[in-house]
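Tertiary structure, described
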Amino acid sequence: MSGIPLGVLDLVPISSGSTAAEALRNTIDLAQQTERLGYTRYWFAEHHLNPGVAGTSPAVVLALTASATSTIRIGSGAVQLGHRTALSTVEEFGLIDALHPGRLDLGLGRSGGRPSGRTAGPRPATPPVADGRAPNGLKIPPRFSPEHLIGSPRFLLQQRLLHQPGARPQDYGEQIDDILALLRGDYRSPDGIEAHAVPGEGAEVQVWILGSSGGQSADVAGRNGLRFAANYHVSPATVLEAAEGYRAAFQPSGHLDKPYVSVSADVVVAEHDETARELATGYGLWVRSIRTAEGAIPFPTSVQARAHAWTEADQALVADRVDTQFVGSPERVADQLEQLQEATGADELIITTLTHDHADRVRSYQLLAEEWHRR
């Protein structure tokens, strides 16, 4: 399995009792460590108004990380286009590429409670799921509905703060087309006026589309012949649909002659299963804070997590995420990642790891890399 590259997805998490500044310093250190360990790429997510997440601007953190590393690819996982323009996105990444050419991944995602944009026609054929398992045994839990989050006061406030008054986001597919045209240098407005992004035009960035279903994101990625990242760690119920929807829509392009899929997984590794489970204790409480629309809390210690009085409703709210987190010894987690890769046909895997202590997080990535490269 060492032929299947491993990458990193970093939310720049803030642990309880820590600060955003310390989280950023930890991120720089983790990027340097994972570069040394042979991870292929290092991505940053974009989240807002979360007390426990410092990764609000992928481009800013990318610029810092690029200067502290030299070989690992760095990128966004993903830039949220719902409150951004094509030009601002290309210009920001063009600035970074100007000093660090050939290392940048521009991961693009839908955001902001947009409609799913599912294209017309039947859902793509996906492997059958029986008793919550894919044919090879991978856990595929019931679907989680985010409707209560989209209508929450906190979410509505976030949209108000991120958008100019009265602004309406551009259609996602059209926005991707504009980004690609600006990067190529052949953008024309509807009335024929040229626009050239400097820096940005001709930037050596690798464009990815991130998606959680077989809907618009998968279709846009396939139609444009781009790389696609499916989110098992965010939406495990729909990962098979997302991967197959992308493959069904794929058309060869100047970027790729065949589909290329990365799949994410939430992972905690330690020398022994029991130790890993202890390190992962805070994960359920952290997920609960997101899904109650509270916003991601600073990642708790195991003591803080155990102090929470769990209700049946709480447990149901986080079950799909907790049940599909890969936790254990290097051998156990590597086996689970192999199962994920087999079920999805992934060309790469993206690993995201959350622990309270930074040293445990670094150690998790180290143990996994060593086991992966032995296979």
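Residue positions within a chain follow its written sequence, with the count starting from 1. Per-residue local features are limited, in this predicted model, to residues with pLDDT of at least 70; the limit for side-chain atom pairs, both in listing and counting, is 80 or more; totals at the level of whole chains, interfaces and linings are taken over all residues. With hydrogens and water excluded, all non-hydrogen atoms of the structure serve as input to the side-chain values.

1. Here we look at the overall build of the protein
Only DSSP runs of H or I reaching four residues or more are called helices, and only runs of E reaching two or more are called strands; each is numbered from the N terminus. Across its full length, the protein carries 14 helices and ten strands. A compact globule built from 375 residues should have a C-alpha radius of gyration of about 21 Å, and the protein, at 20 Å, falls within 12% of that. If one aligns the C-alpha atoms of the protein with their principal axes, the spans along those axes are about 65 × 45 × 45 Å. A simple rule labels every residue: compare its accessible area, found with a 1.4 Å probe on the protein chains alone, to the largest value its type can have, and call it buried under 20%, exposed over 50%, or partly exposed in between. Out of the 375 residues belonging to the protein, those deemed buried represent 54%. Look at the contacts in the protein between residues 6 or more apart in sequence, and 76% of them connect residues 24 or more apart. Only the protein chains shown count as cover for residues, and all accessible areas are computed by the Shrake-Rupley method using a 1.4 Å probe. Counting only carbon and sulfur atoms, one obtains 53% of the accessible surface of the protein, whose full area is about 16,000 Å². Residues scored as positive are Lys and Arg, those scored as negative are Asp and Glu, and His as well as the terminal groups of each chain are ignored. Think of each charge as sitting on NZ of Lys, CZ of Arg, CG of Asp or CD of Glu. Taking the average location of the 32 positive side-chain charges in the protein and that of its 44 negative ones, the two points are 2 Å from each other. Computation of the radius of gyration draws on C-alpha atoms, with the globule rule given as 2.2 Å multiplied by the number of residues to the power 0.38. Any pair of residues with heavy atoms lying within 4.5 Å of one another is described as a contacting pair.

2. Remarks on empty space enclosed by the protein
Here a cavity is any set of points on a 1 Å grid over the protein atoms alone where a 1.4 Å probe fits but cannot get out, and a pocket is any open set with protein on both sides within 12 Å along at least 5 of 7 lines; a residue lines the site when it has an atom within 4 Å of a point. Grid points are joined across faces, edges and corners, and a volume is the space filled by probe spheres set on the points. The full count for this structure, using the stated rule, is one cavity of 30 Å³ or more. One number sums up the size of the largest cavity: a volume of about 30 Å³. Taken together, Leu 6, Leu 37, Gly 38, Tyr 39, Ala 369 and His 373 make up the lining of the largest cavity. Gly falls in the polar group here, along with every residue not listed as nonpolar (Ala, Val, Leu, Ile, Met, Phe, Trp, Tyr, Cys, Pro) or charged (Asp, Glu, Lys, Arg). Along the lines of polarity and charge, the residues of the lining of the largest cavity split into four nonpolar, two polar and no charged.

3. Overview of helix H14 (residues 358-374)
What a helix is expected to span follows from its residue count: subtract one and scale by 1.5 Å. With 17 residues, H14 extends 25 Å from end C-alpha to end C-alpha; this agrees with the ideal 24 Å at 1.5 Å per step. Within H14, burial applies to Arg 361, Val 362, Ser 364, Tyr 365, Leu 367, Leu 368, Ala 369, Glu 371 and Trp 372. Among the structural elements, strand E1 (6-10), helix H1 (20-37), strand E8 (261-269), helix H13 (330-344) and strand E10 (348-352) are those in contact with the buried residues of H14.

4. Considerations on the side chain of Ser 329
For Ser 329, the location among the structural elements is in the loop between strand E9 (326-328) and H13. On the basis of relative accessible area, Ser 329 is assigned to the buried category, the value being 10%.

5. Observations concerning the nonpolar core
The set of buried Ala, Val, Leu, Ile, Met, Phe, Trp, Tyr and Cys residues whose side-chain atoms join them within 4.5 Å is what this entry labels a nonpolar core. In this structure, Leu 108, Leu 337 and Leu 349 are the most contacted members of the largest nonpolar core, which totals 78 residues. In terms of residue count, helix H6 (residues 172-184) provides more of this core than any other element does, seven residues in total. Membership of the second largest hydrophobic core comes to 21 residues, among which are Leu 9, Ile 297, Ala 305 and Leu 354.

6. Looking at the pairing of strand E3 (residues 73-76)
Because side chains alternate across E3, one face comprises the buried residues Arg 73 and Gly 75, and the other comprises Ile 74 and Ser 76, equally buried. In the sheet, strand E2 (residues 41-44) pairs with E3 via four bridges, with the strands oriented parallel. Bridging from a neighbouring strand, Trp 43 pairs with Gly 75 of E3. For the handedness criterion, the β-α-β arrangement of E2, helix H2 (residues 58-68) and E3 is classed as right-handed. A pair of strands is labelled paired if DSSP reports no fewer than 2 bridges between them. Relative to strand E5 (residues 104-109), E3 runs parallel, the two being bridged by two bridges. Bridge pairing links Gly 75 to Asp 105 in E5. We call a crossover right-handed when, viewed with the strands running away from us, the connection from the first strand over the helix to the second turns clockwise.

7. Re the confidence of the model for the protein
Counting all residues, the mean pLDDT for the protein is 94, and 96% of those residues have values of 70 or more. Values of pLDDT, the confidence the predictor places in each residue, fall between 0 and 100. Note that residues 113-122 has pLDDT below 50 and, in this model, 20 contacts with residues that lie over four places away or in other chains.

8. As for the pattern of salt bridges
Each reported salt bridge corresponds to a side-chain nitrogen of Lys or Arg within 4 Å of a carboxyl oxygen of Asp or Glu. Per the counting criterion, the structure on display carries 19 salt bridges. Put simply, Glu 371 and Arg 375 hold a salt bridge, and the shortest N to O gap is 2.8 Å. The network of salt bridges with common partners includes Asp 335, Glu 338, Glu 371, Arg 374 and Arg 375.

9. Quick word on the packing of helix H10 (residues 283-291) against helix H12 (residues 312-323)
Angular values range over 0 to 180 degrees, each being the angle between N-to-C directions of two axes fitted as lines to C-alpha atoms, with helices fitted over their stretch in contact. Contact geometry of H10 with H12 gives a least axis separation of 9 Å together with a crossing angle of 110 degrees. With respect to H12, the axis of H10 lies roughly perpendicular. As H10 runs across H12, the sense of the crossing is right-handed. Contact residues: H10 offers Tyr 283, Gly 284, Trp 286, Val 287, Arg 288 and Arg 291, while H12 offers Asp 314, Leu 317, Val 318, Asp 320, Arg 321 and Val 322. In terms of residue class, the contact of H10 with H12 is made up of six nonpolar, one polar and five charged. Here roughly perpendicular refers to angles of 65 to 115 degrees, roughly parallel to angles under 35, roughly antiparallel to angles over 145, and oblique to all remaining angles. Handedness of each helix crossing follows the sense of rotation of the near helix against the far helix: counterclockwise by less than a right angle gives left-handed, clockwise gives right-handed.

10. Some points on the packing of aromatic side chains
Paired rings are identified among Phe, Tyr and Trp, the last through its six-membered ring, by centres lying within 6.5 Å, and are further divided according to the angle between planes into stacked (under 30 degrees), edge-to-face (over 60) and tilted (the rest). Taken as a whole and judged by the stated rule, the model has nine aromatic pairs. Judged by centre distance (5.5 Å) and plane angle (80 degrees), the ring pair of Tyr 39 and Tyr 365 falls under edge-to-face. One end of the pair, Tyr 39, is in the loop between H1 and E2; the other, Tyr 365, is in helix H14, with 326 residues separating them in the sequence. When sorted by exposure, Tyr 39 lands in the same class as Tyr 365, which is buried. Each ring, one from Trp 43 and one from Trp 208, has its centre 5.1 Å from the other, and the planes form 75 degrees; the classification is edge-to-face. Of the two residues, Trp 43 sits in strand E2 while Trp 208 sits in strand E6 (residues 206-211), which places them 165 residues apart along the sequence. Residue Trp 43 shares its accessibility class with Trp 208, and that shared class is buried.

11. Topic: the environment of Ser 18
Along the polypeptide, Ser 18 turns up in the loop between E1 and H1. The spatial distance from the C-alpha of Ser 18 to the C-alpha of Glu 271 is 26 Å, given a sequence separation of 253 residues.

12. A word on unusual backbone geometry
A cis amide bond, omega 15 degrees, links Gly 77 with the succeeding residue Ala 78. Of note, Ala 78 is situated in the loop between E3 and strand E4 (79-80). Going from Val 198 to Pro 199, the amide bond is cis rather than trans, its omega being -5 degrees. One non-glycine residue with positive phi stands out, namely Val 12, at about 55 degrees. Given the relative accessible area of 0%, Val 12 is considered buried.

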